[in-house]
Amino acid sequence: MALCCVNMKTLVASGSSGIAAAGDFLKQDQVVALPTETVYGLAGNAFSPQAVASIFEAKERPLSDPLIVHLLDVSWLDRVAVLSPELKKKVMALATAFWPGPLTLLLPKKETISDLVTAGLETVAVRIPSHPVMREILAATDLPLAAPSANRFGRISPTAASDVFAELSGCIPLILDGGPCSHGVESTIVWPHEDVLQILRPGPITEEELKPFGKVLSQSVHGKAPGSLKSHYAPRKPLAWYDPHHSPCEEIGLLTFSQPRKGYGALEVLSPSGDLREAAANLYGALRRLDESSVTSLVVEPVPEHGIGCAIMDRLRRAVTSKSVA
Ligand code: TXA
Ligand code: MG
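What this report covers is the structure whose coordinates are included nearby.

Rules and cut-offs
- Residues numbered from 1 in each chain as written.
- Chains lettered and ligands numbered in written order.
- Predicted model: local features only at pLDDT ≥ 70, side-chain atom pairs only at ≥ 80, totals over all residues.
- Heavy atoms only, no water.
- Salt bridge = Lys/Arg side-chain N within 4 Å of Asp/Glu carboxyl O.
- Helix = DSSP H or I, 4+ residues; strand = E, 2+ residues; numbered from the N terminus.
- Buried < 20%, exposed > 50% of the residue type's maximum accessible area, 1.4 Å probe, protein only.
- Pairing = 2+ DSSP bridges.
- Contact = heavy atoms within 4.5 Å.
- Axes fitted to C-alpha atoms, helices over the stretch in contact; angles between N-to-C directions.
- Core = buried A, V, L, I, M, F, W, Y, C linked by side-chain atoms within 4.5 Å.
- Expected span 1.5 Å × (residues − 1).
- Bend = angle between axes of the 7 residues up to and from the residue.
- Polar contact = N/O pair within 3.5 Å; in protein donor to acceptor, adjacent residues only side chain to side chain.
- Phe/Tyr/Trp six-rings, centres within 6.5 Å; stacked < 30°, edge-to-face > 60°.
- Lys NZ or Arg CZ within 6 Å of the ring centre and 35° of its normal.

On to the pattern of salt bridges. With the rule as written, the count across this model stands at 17 salt bridges. Aspartate 142 is the salt-bridge partner of arginine 79, the closest N and O atoms lying 3.2 Å from each other. In this pair, arginine 79 sits in helix α3 (residues 77–80) while aspartate 142 sits in the loop between α6 (132–141) and β7 (145–146), placing the two residues 63 residues apart along the sequence. For arginine 79, a relative accessible area of 24% gives the class partly exposed. Judged by relative accessible area, which is 42%, aspartate 142 ranks as partly exposed. A salt bridge links glutamate 167 to arginine 288, with the shortest nitrogen-to-oxygen separation between them at 3.2 Å. Of the two residues, glutamate 167 is situated in helix α7 (residues 161–168) and arginine 288 in helix α9 (residues 276–292); the sequence distance between them amounts to 121 residues. The residues glutamate 167 and arginine 288 share a single accessibility class, namely buried.

With that settled, the discussion passes to the sheet that holds strand β1 (residues 11–13). On the basis of which strands lie adjacent, the open sheet formed by eleven strands has the order β1-β8-β2-β3-β7-β4-β6-β5-β9-β10-β11 and mixed pairing. Where the open sheet ends on each side, the last strands, each with one partner, are β1 and β11 (215–217). With two bridges connecting them, strand β4 (residues 68–70) and β7 associate as antiparallel partners. Each residue of the ladder has a partner; that of valine 69, found in β7, is alanine 146. Contacts between helix α2 (residues 49–59) and the sheet are confined to β3 (41–45) and β7, with β3 contributing the most and set at about 155 degrees to the helix. Relative to strand β8 (residues 174–176), α7 is tilted by about 160 degrees, and along the sheet it contacts β1, β2 (32–34), β3 and β8.

So, on to α2. When we look at burial in α2, the residues that qualify are Ala51, Val52, Ile55, Phe56, Ala58 and Lys59. Against the buried residues of α2 lie β3, α5 (115–118), β7 and α7. Looking one or two residues past α2, glutamate 60 carries a phi angle of roughly 55 degrees, positive in sign.

A word on the pairing of strand β10 (residues 196–201). Taking burial as the measure, the six residues of β10 include six buried ones, the bulk of the element. By the bridge criterion, five bridges tie strand β9 (residues 188–193) to β10 in an arrangement that is antiparallel. For isoleucine 189, the partnering residue across the bridge sits in β10 and is arginine 201. Here β9 hands over to β10 after two residues, with glutamate 194 in that stretch at a positive phi of 45 degrees. Two strands pair when backbone bridges link them, and β10 and β11 are joined in this way by three bridges, in the parallel orientation. Counterpart to glutamine 198 in the pairing with β11 is leucine 217.

The biggest cluster of nonpolar side chains holds 64 residues, and the ones touching the most others in it are Leu34 and Ile172. In terms of residues, this core owes the most to one element, helix α4 (residues 85–98), which gives five residues. In this view, isoleucine 172 contacts Met8, Lys9, Thr10, Val31, Ala33, Leu42, Ala58 and Val164; residues no more than four positions away in its chain are not counted. Among the nonpolar cores identified, the runner-up in size contains 28 residues, and Leu270, Leu276, Ile312 and Leu316 belong to it.

Now for α9. For an α-helix the count is 3.6 residues per turn, leaving residues at separations of three or four pointing the same way. Under the 1.5 Å per step criterion, the end-to-end length of α9 is 24 Å for 17 residues, consistent within 8% with the ideal 24 Å. At asparagine 282, α9 is deflected by roughly 45 degrees, the largest bend along its length. Within α9, the full set of buried residues consists of Leu276, Ala279, Ala280, Leu283, Tyr284, Gly285, Ala286, Leu287, Arg288, Leu290 and Asp291. Residue aspartate 275 occupies the N-cap position of α9, its side-chain oxygen lying 2.9 Å from the main-chain nitrogen of arginine 277.

According to the stated counting rule, one finds one aromatic pair in the structure shown. When the centroid spacing of 5.4 Å and the interplanar angle of 65 degrees are considered together, the rings of phenylalanine 98 and phenylalanine 213 count as edge-to-face. Placement of phenylalanine 98 in helix α4 and of phenylalanine 213 in the loop between α8 (207–210) and β11 is noted, with a sequence separation of 115 residues between them. You can call phenylalanine 98 buried: its relative accessible area is 10%. For phenylalanine 213, a relative accessible area of 29% translates into the label partly exposed. Above the plane of the ring of tryptophan 76 lies arginine 79, whose end atom (NZ or CZ) is 4.6 Å from the centre.

Structure follows, in structure tokens:
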């Protein structure tokens, strides 16, 4: 796909004037980077093929990878999805428990949603975000907003406005700064079908939290979430798993869960107190800082794989590029 960067001036704004400007751009079918409680998104009017095409172009994202549509509340579901009475009951139970918040549901799409948004699939991914700035913009525009994470395709998702600037300045007109994202990893994607809730991407809403709402399956379904590629969330430097048998080295940057270690050229500790939620919130920022440091390669320690630790390990497995840095 052609590179869209045409040295467009990218403004970074905040507060009520920023929100007003973002609303104006979105109503004119332009794209804007916005904060959500998970990661920053690159938003556009989900009903405008022109806006949706601009999202793909700015991210250099393949058209085969569909977008999540963000809604203000459940009354908007009918604008984008078609729910049988049975599915509606399931969705409302999940909505009451988890929305607004970091849960995305795959639902049968309405014809108002173009194939560009869903990559030709019969389902549309929807989420009702909780970030107050995102909600103000949804309310002000009255538009369902298609928004993938605001990074270049395959790169680390942005959790601060400065991260978005590093990824997309020159390609988009506006970045709205709403401070750091509280969850720090992308929403949990769930496909409710037949009598199961199938997790297609682990995230802040955990398998344990979903269990009261039905039988939960967490193994991946081949091809069901087209964006769940192996090489995703990747830093530019080679990244391998930490091996305690290898000696530390000043050329290597280390990402650990809770323990600092000596002898590395750069060190990031995700949560000194061993709190997985704090670790998730710090994950992408820490990877970015290591990527920008002077070391030549990176190693990462696994985190405990329960609760949101499953989402962290999912992202790290995709980010690791080689078995060993030795
Ligand atoms: O937390 C989040 O979900 C963030 C914020 C901005 O809302 N968004 C986000 O979007 O992570 P994105 O585009 O980076 O990831 C969305 C994932 C992709 O892997 C995509 O393939 C999958 O959702 N997806 C979207 N629509 C789908 C559909 N109809 N069927 C299957 N997978 C879908
Ligand atoms: Mg993404």
